[in-house]
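# Fold and contact review
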Amino acid sequence: MSGIISVCSINALEQAAANLRSGGLVAFPTETVYGLGADASNEVAVKRMYNVKNRPANHPVIVHIARIDDVTYWAEEIPDYAISLIRDYWPGPMTLLFQRTKNAGDFITGGQDVVGIRIPAHPLAENLLAEFRKIGGMGIAAPSANRYGAVSPTDANAVSQELLEFLAAKDQIIDGGPCAIGIESTIIDCTKENPIILRPGAITSEMIEASTGIVLAPDKLENIRVPGSTKQHYSPKAKVLVSKSANPGEGFIALDDIETPTNAIRLISPRTIEEYARQLYSALRQADERQVDSVSIVPPNGDGLAMAIRDRITRASEN
Ligand code: TXA
Ligand code: MG
């Protein structure tokens, strides 16, 4: 393939958009994690994207759009509370699920009648989507740019490590530096009377309540499962343990004020919850690079983003 594009002129994004339109795959940065993009209207391209990821065909993929007006191209029956969420948090780390229109093919919804939509907040993603829209592209289908079940990539190098060997010559990886948030978007089911969080993220339940005026059912992490997804996900090769202790030579991840067990390998020491989210996935990759057998992680306390981090740690530790 043509390698990582690091100089991101508008010209380069225009070319990447044209590439997508003609069936190429383009990995691109968003504020959450990197996505592997394909034209959401092109079944052949989307199928190739699934192959590159080794992802099962019944697992739906998020459609990224350029502007709010385009929601109704893909989705219908938009409730009032979703309009508030869109107004307050798009572009941003939030994916909304709606009833699909006929434009959303089975090959992006995994055969379900529901479609997932997001407008990402990252200048390169927004410009790529705008260029794509100019040439008639209505949406970019993009799952996280990792092999199925692996840790989501939060920089272009990680994308390359995950996918380069499976990409074709015309495919591209756009380098936009490290992702600002570092964990995937909040997924909210908007097909029911009230919003339901299916995957926690940086748009928290407090933020959803503030925007919609609707009090959500209490968060129960064990109830939060995106349909079609297995329990285990986001896993490195090393075994992930939720523990304050670690054997000598094993990896260790915790907030800065927690001491490293004797002779364990400290991977990160985030000082805030935001930093924890930003660094978690690259720390799990680092664990594999250092070939440790296990990583002990002390999950952060609290709700909001801390809960989203605990969700990812729990999934990484399940097997
Ligand atoms: O932050 C993110 O959401 C990133 C960036 C690239 O946008 N994308 C991402 O995509 O994490 P992915 O495919 O790795 O995870 C999306 C999750 C999947 O677990 C999928 O099951 C769920 O969203 N999803 C997507 N469309 C859906 C639908 N129509 N119905 C139910 N779940 C859906
Ligand atoms: Mg993923």
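Keep in mind that what you see is a predicted model, and the values were worked out from it rather than measured.

Let us now look at the site of ligand 1. The full set close to ligand 1 counts 24 residues, and Thr32, His64, Val114, Ser144 and Ser185 are the nearest of them. Residue Thr32 places a side-chain N or O atom 2.6 Å away from an oxygen atom belonging to ligand 1. Val114 is positioned with one of its backbone polar atoms (N or O) 2.8 Å from a nitrogen atom of ligand 1. Summarising the interface, the protein chains cover 97% of the accessible area of ligand 1, which totals 680 Å² for the free molecule. Of the pockets mapped on this structure, ligand 1 occupies the largest pocket. Sorting elements by how many residues they give to the shell around ligand 1 places strand 7 (residues 114-118) first, with 4 residues. Of the residues belonging to the shell around ligand 1, the class tally is 12 nonpolar, 8 polar and 4 charged.

Running from N to C, helix 9 (residues 273-289) and helix 10 (residues 305-317) cross one another at 25°; their axes reach a closest spacing of 9 Å. By the criterion of interaxial angle, the relationship of helix 9 to helix 10 is roughly parallel. In this structure, helix 9 meets helix 10 at a crossing whose hand is left-handed. Judged by residue contacts, Ile273, Glu274, Tyr276, Ala277, Leu280 and Tyr281 of helix 9 engage Leu305, Ala306, Ile309, Arg312 and Ile313 from helix 10. Here the contact of helix 9 with helix 10 is composed, by residue class, of 9 nonpolar, no polar and 2 charged.

This part is about the domain arrangement of the protein. According to the domain assignment, the protein contains domain 1 (4-212) and domain 2 (239-316). Here the C-alpha centre of domain 2 lies 27 Å away from the C-alpha centre of domain 1. If you look at the interface, domain 1 gives 22 residues, while domain 2 gives 16 residues. Of the roughly 1400 Å² buried where domain 1 meets domain 2, counting both sides, 55% is carbon and sulfur surface. Taken as a group, Val151, Ile183 and Pro200 account for 37% of the area that domain 1 buries against domain 2, more than any other trio of residues on that side. One salt bridge in this structure joins Glu162 and Arg285, with 3.2 Å as the shortest N-O distance.

This chain's UniProt record puts "domain: YrdC-like" (unreviewed entry) on residues 10-203. Annotation note: span residues 10-203, helix share 31%, strand share 19%, distance between end C-alpha atoms 30 Å.

What follows concerns the nonpolar core. Across soluble globular proteins, nonpolar side chains have a tendency to be buried as a group. One finds Leu36, Met49, Trp74, Leu96, Phe98 and Ile108 to be the most contacted residues of the largest nonpolar core, which totals 48 residues. Those elements that place two or more of their residues in this core are strand 3 (35-39), helix 2 (43-53), helix 3 (71-74), helix 4 (80-89), strand 6 (94-100), helix 5 (106-109), strand 7 and helix 7 (156-163). The contact partners of Ile108, leaving out residues within four places of it in the chain, are Ala40, Val46, Tyr50, Pro60, Val61, Val63, Trp74 and Ala141. With 26 residues, the next largest nonpolar core counts Ala277, Ala308, Ile313 and Ala316 among its residues.

As enumerated under the stated definition, the model contains 14 salt bridges in all. Between Asp70 and Arg133 there is a salt bridge, and its shortest N-O distance comes to 2.7 Å. Placement of the pair is Asp70 in the loop between strand 4 (63-64) and helix 3 and Arg133 in helix 6 (residues 123-134), with a sequence separation of 63 residues. Take Asp70: its relative accessible area is 3%, and that puts it in the buried class. The partner of Asp113 in a salt bridge is Arg100, and the shortest N-O contact between them spans 3.1 Å.

Definitions and cut-offs
Throughout, a residue's number is its position along its own chain's written sequence, starting from 1. Lettering of chains starts at A and numbering of ligands starts at 1, both following the order in which they are written. Since the coordinates come from a predicted model, pLDDT governs what is reported: local features require at least 70, and pairs of side-chain atoms require 80 or more to be given and counted, while whole-chain, interface and lining totals use all residues. Only hydrogens and water are set aside; all other atoms, that is, all heavy atoms of the structure, feed into the side-chain values. A cutoff of 4 Å decides nearness: a residue is near a molecule or strand if any of its heavy atoms lies inside that distance of it. Under the rule applied, a polar contact is a pair of N or O atoms within 3.5 Å (in protein, one hydrogen donor and one hydrogen acceptor; residues adjacent in sequence only if both atoms are side-chain atoms). In these tables, accessible area is a Shrake-Rupley quantity obtained with a 1.4 Å probe, and a residue counts as shielded only by the protein chains included in the view. For each structure, a 1 Å grid was placed over the protein atoms alone; sets of points admitting a 1.4 Å probe that cannot get out are labelled cavities, open sets with protein on both sides within 12 Å along at least five of seven lines are labelled pockets, and lining residues have an atom within 4 Å of a point. To qualify as sitting in a cavity or pocket, a molecule needs more than half of its atoms within 2 Å of the grid points. Runs of H or I in DSSP of at least four residues are treated as helices and runs of E of at least two as strands, each being numbered from the N terminus. We call Asp, Glu, Lys and Arg charged. Ala, Val, Leu, Ile, Met, Phe, Trp, Tyr, Cys and Pro are nonpolar, and the rest, Gly among them, are polar. Simply put, an axis is a line fit to the C-alpha atoms, just over the touching stretch for a helix, and the angle between two N-to-C directions goes from 0 to 180 degrees. Should an angle lie under 35 degrees it is considered roughly parallel, over 145 roughly antiparallel, and from 65 to 115 roughly perpendicular; all remaining angles are considered oblique. Two helices that cross are described as forming a left-handed crossing if the nearer one is turned anticlockwise from the farther one by less than a right angle, and a right-handed crossing if clockwise. Contact definition: two residues touch when any of their heavy atoms are within 4.5 Å. The split into domains, and so the bounds of each, comes from an automatic or database assignment of domains. The term buried area refers to how much accessible surface (probe radius 1.4 Å) is lost by two components on association, counted for both of them together. Every case where a carboxyl oxygen of Asp or Glu lies within 4 Å of a side-chain nitrogen of Lys or Arg is listed as a salt bridge. UniProt positions are given in the numbering used here, feature names are shortened, and annotations may be inferred rather than shown by experiment. Nine residue types can take part in a nonpolar core, namely buried Ala, Val, Leu, Ile, Met, Phe, Trp, Tyr and Cys, and a core is a set of them joined through side-chain atoms within 4.5 Å. Under the scheme applied here, a residue whose accessible area is under 20% of the maximum for its type counts as buried, over 50% as exposed, and between as partly exposed, the area being computed with a 1.4 Å probe on protein chains only.

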